[in-house]
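In case you want the letters, here they are:
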Amino acid sequence: MLSVRAYGVHSGLQSRTAAAGAAPPLNKIFGTILTVIFLLTWLLLLLIFHVVQVVARCVFGARAHRGSVGLMNFCLMHALGILGTRSSVRFVEPLPKGRPIIFVANHQNKIDVVGIGWYLRRYSPRFVSKIELGKGIPSVSYNLRHSGAALIDRDDTRQSLKEIGRLGKLIEDTCTSAVIFPEGTRSLTGELQPFAAAGIKILIKKSPSARVVPIYIHNTWKLNQRRTFRM
């Protein structure tokens, strides 16, 4: 099991500035400025790495493409430092070697995908993702379309299970990994939502030699706990 912890800057800033007698509006202004810088940094990184991915894949092949995605995830994860946020990962035991892996994770924030992509990059994780993300998002959409990810239409059960089955066969044939979020959507409070098991069952059926590894993600929901612009 893997645990990721993200610590938002808000609570720490609030306690330090309160002790110093700072007015609360100053926190909001500071938080807004940091949020703008963070989001602009993310957008710039996504635009840059979209070009990098295209060049890497078209000129140097799939392996170079995976390397460019790994570097992108590294940069996106470390951009969290702008918000005063840090992440940590802990492996409870060594992961299986020489066989496919099905990573099953809870889901709290879009950063979850970036963290899993970076920390588990050596296992070439391919995600089960909603089909809407397959177009219109720099870097993200390109990677999903060309990495072998399963892009599912949540309104079409037959299409969804067929796509997940294709991904299961792919990881079985290539001895790589799949990542699925069985909650189906992000939790806004950190509380686990009901799991849908059908996708996991299909992955196991199509990749019988795979091992299922749970991932527990903790506190990334706090990055957007205000559910407004300021992070």
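Placed above this text is the structure.
Residues numbered from 1 in each chain as written. Predicted model: local features only at pLDDT ≥ 70, side-chain atom pairs only at ≥ 80, totals over all residues. Heavy atoms only, no water.

Enquirer: Give me the overall build of the chain: which residues, what numbers.
Expert: Scanning the chain from terminus to terminus reveals seven helices and seven strands. For the chain, the N- to C-terminal ordering of α and β elements is β-α-α-α-β-β-α-β-α-β-α-β-α-β. Here the chain, with 231 residues, has 42% of them falling under the buried criterion. Restricting to contacts in the chain with at least 6 residues of sequence separation, those with at least 24 account for 73%. Carbon and sulfur atoms make up 62% of the accessible area of the chain, which totals about 12600 Å². (Helix = DSSP H or I, 4+ residues; strand = E, 2+ residues; numbered from the N terminus. Buried < 20%, exposed > 50% of the residue type's maximum accessible area, 1.4 Å probe, protein only. Contact = heavy atoms within 4.5 Å. Areas by Shrake-Rupley, 256 points an atom, 1.4 Å probe, with all protein chains shown as cover.)

Enquirer: Describe the nonpolar core, listing the residues and the values that go with them.
Expert: Core analysis: the biggest nonpolar cluster contains 18 residues, and Phe 38, Trp 42, Leu 76, Leu 80, Leu 83 and Ile 111 have the highest contact counts within it. Taken together, the elements giving at least two residues each to this core come down to α2 (24–60), α3 (62–78) and α4 (111–119). (Core = buried A, V, L, I, M, F, W, Y, C linked by side-chain atoms within 4.5 Å.)

Enquirer: An account of the pairing of strand β3 (residues 101–105) is needed here, citing residue identities and associated values.
Expert: Burial of β3 is extensive: five of the five residues sit out of reach of the surface. Residue alternation in β3 divides its side chains into two sets, Ile 101, Phe 103 and Ala 105 and Ile 102 and Val 104, and both sets are buried. With four bridges joining them, β3 and strand β6 (residues 177–180) adopt parallel strand pairing. Paired with Ile 101 across the bridge in β6 is Ser 177. Where β3 lies against strand β7 (residues 211–218), five bridges are found, and the strand directions are parallel. Residue pairing across strands places Ile 102 opposite Val 212, the latter belonging to β7. (Pairing = 2+ DSSP bridges.)

Enquirer: Describe the pattern of salt bridges, listing the residues and the values that go with them.
Expert: Scanning all chains against the criterion turns up two salt bridges. Glu 163 serves as the salt-bridge partner of Arg 166, at 3.0 Å between the closest nitrogen and oxygen. With Arg 166 and Glu 163 both in helix α6 (residues 157–174) and three residues apart, this pair spans about one turn of that helix. Residue Arg 166 is classed as partly exposed on the basis of its relative accessible area of 34%. We classify Glu 163 as buried; its relative accessible area is 18%. Put simply, Lys 169 and Asp 173 hold a salt bridge, and the shortest N to O gap is 2.9 Å. With Lys 169 and Asp 173 both in helix α6, this residue pair falls four residues apart, about one helical turn. (Salt bridge = Lys/Arg side-chain N within 4 Å of Asp/Glu carboxyl O.)

Enquirer: So what's going on with a positive patch on the surface? Residues and values would help.
Expert: A cluster of basic residues, Lys 110, Lys 130, Arg 154 and Arg 186, forms a positive patch at the surface. Structurally, Arg 154 is set in the loop between β5 (150–152) and α6. Given the relative accessible area of 48%, Arg 154 is considered partly exposed. (Patch = residues over 30% accessible without salt bridge, like charges linked within 9 Å, V, L, I, M, F, W, Y side chains within 5 Å. Lys, Arg positive; Asp, Glu negative; His and termini not counted. Charge placed at Lys NZ, Arg CZ, Asp CG, Glu CD.)

Enquirer: So what's going on with the pairing of β6? Which residues, and what values?
Expert: What you see with β6 is no split at all: Ser 177 and Val 179 on one side and Ala 178 and Ile 180 on the other are buried throughout. Alignment of strand β4 (residues 125–130) against β6, held across three bridges, turns out to be parallel. When the bridges of β6 are listed, Pro 125 appears paired with Ser 177.

Enquirer: Give a description of the packing of aromatic side chains that names residues and reports values.
Expert: Applying the stated criterion across every chain, the model contains four aromatic pairs. On the basis of an interplanar angle of 70° and a centroid distance of 6.2 Å, the ring pair of Phe 103 and Tyr 123 is categorised as edge-to-face. Taken together, the positions of Phe 103 in strand β3 and Tyr 123 in the loop between α4 and β4 put the pair 20 residues apart, joining distant regions of the chain. Residue classification places Phe 103 among the buried residues on the basis of a relative accessible area of 1%. A cation over a ring is seen here: Arg 121 above Trp 118, with NZ or CZ 3.6 Å from the ring centre. (Phe/Tyr/Trp six-rings, centres within 6.5 Å; stacked < 30°, edge-to-face > 60°. Lys NZ or Arg CZ within 6 Å of the ring centre and 35° of its normal.)

Enquirer: Now, about helix α5 (residues 140–147): what can you tell me, with residues and values included?
Expert: Since the α-helix turns once every 3.6 residues, residues separated by three or four places project in the same direction. Within α5, the full set of buried residues consists of Ser 141, Tyr 142, Asn 143, Leu 144 and Ser 147. Just downstream of α5, Gly 148 is the residue with a positive phi angle, here 95°.

Enquirer: Mind laying out the packing of α3 against α4, listing which residues take part and the relevant values?
Expert: Where α3 meets α4, the axes come as close as 8 Å, and the angle between the chain directions of the two elements is 125°. One finds that α3 runs oblique with respect to α4. For α3 against α4, the interelement crossing comes out left-handed. Residues Gly 70, Asn 73, Phe 74, Leu 76 and Met 77 of α3 form the contact with α4, whose own contacting residues are Ile 111, Val 114, Gly 115, Gly 117, Trp 118 and Tyr 119. Considering only residue class, the contact of α3 with α4 consists of seven nonpolar, four polar and no charged. (Axes fitted to C-alpha atoms, helices over the stretch in contact; angles between N-to-C directions. Parallel < 35°, antiparallel > 145°, perpendicular 65-115°, else oblique. Left-handed = near helix turned anticlockwise from the far one by under 90°. Nonpolar A, V, L, I, M, F, W, Y, C, P; charged D, E, K, R; others polar.)

Any functional reading would require information beyond the geometric quantities listed.
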